[in-house]
Amino acid sequence: MAPGIVLMVIGGIFAFALKADSTWLDTDMLGLILMLGGVGFIVRSRMARREVVTREVVRHPGPVDASAPEDVVEQTEVVRRLD
């Protein structure tokens, strides 16, 4: 979430505080694009935090069967929503 806030702050500086004239760069448009990117980044990071995936793998030490790809005995996956 912090990179999104940084993008919004930098975008606000470009859009509202910086009054430089350039022939090849529109600072107002650049600021708007950066602020929209920051909002998108924050929304995306908030959506990604809603699910938690936990994996647990239990392995037994000892000889491994040559035909088995791994010596995994049990694998549990828990998916839950955080609201």
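All of these numbers come straight from a predicted model, not from anything done at the bench. (Residues numbered from 1 in each chain as written. Predicted model: local features only at pLDDT ≥ 70, side-chain atom pairs only at ≥ 80, totals over all residues. Heavy atoms only, no water.)

### A short note on the overall build of the protein
Looking only at helices and strands, the protein features 2 helices and 2 strands. Traced from its N-terminal end to its C-terminal end, the protein shows the element sequence α-α-β-β. Taking all 83 residues of the protein together, 11% fall into the buried category. A total of about 6800 Å² of accessible surface is found on the protein, and carbon and sulfur atoms cover 63% of it. (Helix = DSSP H or I, 4+ residues; strand = E, 2+ residues; numbered from the N terminus. Buried < 20%, exposed > 50% of the residue type's maximum accessible area, 1.4 Å probe, protein only. Areas by Shrake-Rupley, 256 points an atom, 1.4 Å probe, with all protein chains shown as cover.)

### Regarding the UniProt feature "transmembrane region" (unreviewed entry) in the protein
In the numbering used here, UniProt assigns the feature "transmembrane region" (unreviewed entry) to residues 29-45. Helix makes up 100% of residues 29-45 and strand 0%, with an end-to-end C-alpha separation of 24 Å. (UniProt positions renumbered as here; feature names shortened; annotations may be inferred.)

### Remarks on the environment of aspartate 28
In this fold, aspartate 28 is placed in helix α2 (residues 27-48). Remark: the alpha-carbon pair of aspartate 28 and alanine 17, spanning 11 residues in sequence, is separated by 9.5 Å.

### Overview of the environment of arginine 44
By secondary structure assignment, the location of arginine 44 is in helix α2. Its relative accessible area of 63% is what places arginine 44 among the exposed residues. Taking the C-alpha atoms as reference points, arginine 44 and methionine 1, separated by 43 residues in sequence, lie 8.8 Å from one another.

### Looking at the side chain of threonine 27
Mapped onto the secondary structure, threonine 27 falls in helix α2. For threonine 27, a relative accessible area of 9% translates into the label buried. Every residue in contact with threonine 27, bar those within four places of it in the chain, is listed here: Phe14, Ala15, Leu18 and Ala20. (Contact = heavy atoms within 4.5 Å.)

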